[in-house]
Amino acid sequence: MLDTRDILETIQMIRQENLDIRTITMGISLYDCVSDDEDRLCQKIYDKITTRAEHLVETGCDIEKKYGIPIVNKRISVTPVSLVGGALSPDGYLKLAHTLQRAAENVGVNFIGGYSALVHKGMTDSARNLISVIPEALAETSLVCSSVNVATTKAGINMDAIRLMGSAIKRAAALTADNNSIGCAKLVVFANVPEDNPFMAGAFHGVGEPETVINVGVSGPGVVSSAIARAGDCDLTAIAELIKVTAFKITRVGQLVATEAANRLGVPFGIIDLSLAPTPAIGDSVAHILENMGLEVCGAHGTTAALAMLNDAVKKGGVMASNHVGGLSGAFIPVSEDAGMIAAVEKGALSIEKLEAMTAVCSVGLDMIAIPGDTPEEVICGIIADEISIGVANTKTTAVRVIPAVGKKVGDSVDFGGLLGYAPIMPLNTYSPAKFINRGGRIPAPIHSLKN
Amino acid sequence: MKAVITVTGKDGVGIIAQVATECAACDANIMDISQSVLEDYFAMIMLADIDKLNVDFSEFVDRLAALGRGRGLEIHTMHEDIFNTMHHI
């Protein structure tokens, strides 16, 4: 029997606290598109995507209407293209990027992920060719997202790949200089990348995935934040419990939407990604959750502990609400996409070093951070190497999505618009790691005993 | 299957009658109504059986929302499953 209080609570979550389904992402395997002919490969990929995802957007809109909950994004992830590109030349890979763009436009999704390579242990010629044109691909398309996995806990860290990615990020920034270097916002460097992540820019359809799959990412920082604000003066045990209960409710809606989408599209349900994904909208901030827990500003000492508790409680609440959990699952802490993070950076309370510490206990990594445009390539490589090491040593996913905004310096800001938000340029430690980075090679996989 | 219809906004004559008329026109059977007026603020939750709906559910949602807009009210219609899923194990 429906209870009036329950009805009002749900409506309040949706209307006032920005509860939404952040994304329905359809994963599509491209293995059966393989061809030794460049044009035929592109045509088969285009045909497969536009056939499989033909009804994705309209189905998402129908479900949105049925349950009265916004489904903000409908997206596609595909098999990492370096695994199906075979002998494609760099020009061939560029052509493939345009194919993905046209397919995404045709079906009406707002991003397509999988312009990706997995190079954690070494690099095939195919992956090298792909990486060499990632900056051009991101500059010449608007919907294509790219990711490169450069490390795993089992394989160690491919420092040669990190060196290439530092260069790719700088070139992507330069090629999109007239648009706030937005190319870099569509490029992620990963450690321990998940194969079923529905969130962009890092989504791709992993090697162990079925032919087609539906993965759903939930959100709701505003709901958690409001619940904590209403709780008043209670201890942290009570706060953790409250977060769990709230995460459970949010995730149940995600499960409902995912099941319905999978059934309507005749595609297996994959996973729910239990994430608190902020947006720049007021009241949709992970930083504000931490501040409601009792921090004066996000970034104050205590932030890492608060975030660790939040992240853990979200997972504990969400796991019971869903059949299958996967993807990134945890609190996201992008700077430009979170009003509270932006404010904390502007106040000088939140530094990149603190953000790095925070990524050791939550989802993803250094995300949507704008840095000075004149940052040397080696410093970017150093940022990547540090962040990736945290993931490798702690057996978790970490990632880097930084934007060296051309022509901008500390004190300036960049506005990407929409969900990508705006970001103040953050200062960096400018001492050079060049010699360390330029050594190249691989950092061996870490030992898993003698833990300290 | 049931739909939960919530109506909020400035009170006035005939709100329930108009919503009920629209429901009847779509063959949605009203099963329960809870309503309150605080000063001149009107709030109503209505539960309607939609098994025999003669239009698509999404059209039903749109028609009620349009009715609300015409009178300066917010009318949201949602399938009951979202509430059951969120609040019941």
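Criteria and thresholds
- Residues numbered from 1 in each chain as written.
- Chains lettered and ligands numbered in written order.
- Predicted model: local features only at pLDDT ≥ 70, side-chain atom pairs only at ≥ 80, totals over all residues.
- Heavy atoms only, no water.
- Helix = DSSP H or I, 4+ residues; strand = E, 2+ residues; numbered from the N terminus.
- Expected span 1.5 Å × (residues − 1).
- Buried < 20%, exposed > 50% of the residue type's maximum accessible area, 1.4 Å probe, protein only.
- Domains from an automatic or database assignment.
- Contact = heavy atoms within 4.5 Å.
- Buried area = accessible area lost by both parts, 1.4 Å probe.
- Salt bridge = Lys/Arg side-chain N within 4 Å of Asp/Glu carboxyl O.
- Pairing = 2+ DSSP bridges.
- Axes fitted to C-alpha atoms, helices over the stretch in contact; angles between N-to-C directions.
- Core = buried A, V, L, I, M, F, W, Y, C linked by side-chain atoms within 4.5 Å.
- Polar contact = N/O pair within 3.5 Å; in protein donor to acceptor, adjacent residues only side chain to side chain.

K.L.:
Before we move on, could you go through helix α13 (residues 377-393) of chain A and cite the residues and values that matter?
P.N.:
Residues and elements named next belong to chain A. Here α13 is 17 residues long and its end C-alpha atoms lie 24 Å apart, about the 24 Å a rise of 1.5 Å per residue gives. Of all 17 residues in α13, twelve are buried; the element is thus mostly enclosed. Taken together, the buried positions of α13 are Val379, Ile380, Cys381, Gly382, Ile383, Ile384, Ala385, Glu387, Ile388, Ile390, Gly391 and Val392. At the C-terminal side of α13, threonine 395 shows a positive phi close to 50°.

K.L.:
Could you give an account of the domain arrangement of chain A, naming the residues involved and the relevant values?
P.N.:
Many authors give the size of an interface as the accessible area that is lost as the parts come together. All names here are of chain A. Splitting chain A by domain gives domain 1 (27-191) and domain 2 (216-441). Distance between the C-alpha centres of domain 1 and domain 2: 22 Å. Opposite the 39 residues of domain 1 that make contact, domain 2 presents 44 residues. Together domain 1 and domain 2 conceal approximately 3,300 Å² of surface at their shared face, both sides included; 69% is due to carbon and sulfur atoms. Ranking the residues of domain 1 by area buried against domain 2 places Met159, Lys170 and Asn180 at the top, with a combined share of 18%. The interface formed by domain 1 and domain 2 includes two salt bridges. Linking arginine 264 and aspartate 62 is a salt bridge whose minimum nitrogen-to-oxygen distance equals 3.7 Å.

K.L.:
Tell me about the sheet that holds strand β4 (residues 73-79) of chain B, and please be specific about residues and values.
P.N.:
Residues and elements named next belong to chain B. Taken in spatial order, the four strands line up as β2-β3-β1-β4 in an open sheet, and their pairing is antiparallel. At either end of the open sheet lies a strand with only one pairing partner, and these are β2 (29-38) and β4. For this sheet, the mean angle separating the axes of adjacent strands, direction not counted, is 15°. In the sheet, β2 pairs with strand β3 (residues 41-49) via nine bridges, with the strands oriented antiparallel. What sits directly across from serine 36, in β3, is alanine 43. Helix α1 (residues 15-25) rests against β1 (2-10), β2, β3 and β4 of the sheet, and its axis sits at about 25° to β3.

K.L.:
So what's going on with the nonpolar core? Residues and values would help.
P.N.:
Membership of the largest hydrophobic core comes to 148 residues, with the highest contact counts inside it found for Ile49(A), Ile76(A), Tyr115(A), Val150(A), Ile214(A) and Leu310(A). Taken together, domain 1 (27-191) and domain 2 (216-441) of chain A each give at least three residues to this core, which thus spans both. With residues up to four places along the chain from it excluded, the contact list for Val150(A) reads Val119(A), His120(A), Gly156(A), Ile157(A), Asn158(A), Ala161(A), Ile162(A), Met165(A), Val189(A), Phe190(A) and Ile388(A). Counting 22 residues, the second-largest nonpolar core is a separate cluster that includes Ala28(B), Ile50(B), Phe60(B) and Leu73(B).

K.L.:
Residue-level account of the interface of chain B and chain A, with values.
P.N.:
With 23 residues of chain B at the contact, the number on the chain A side is 24 residues. A combined buried area of about 2,200 Å² lies between chain B and chain A, and 73% of that area is made up of carbon and sulfur atoms. Interface area lost by chain B to chain A is led by Ile82(B), Met86(B) and His87(B), which between them contribute 28%. Our count for the chain B to chain A interface comes out at one salt bridge. Between Lys65(A) and Asp62(B) there is a salt bridge whose closest N-O contact spans 2.6 Å. At the surface where chain B touches chain A, the tally comes to seven residue pairs in polar contact (both at pLDDT 80 or more). Looking at the side of chain B that touches chain A, the elements that each hand over two or more residues are β1, β3, α2 (57-71), β4 and α3 (81-87) of chain B. Ranked by the residues each element gives to the side of chain B that touches chain A, the list is headed by α3(B), at seven residues.

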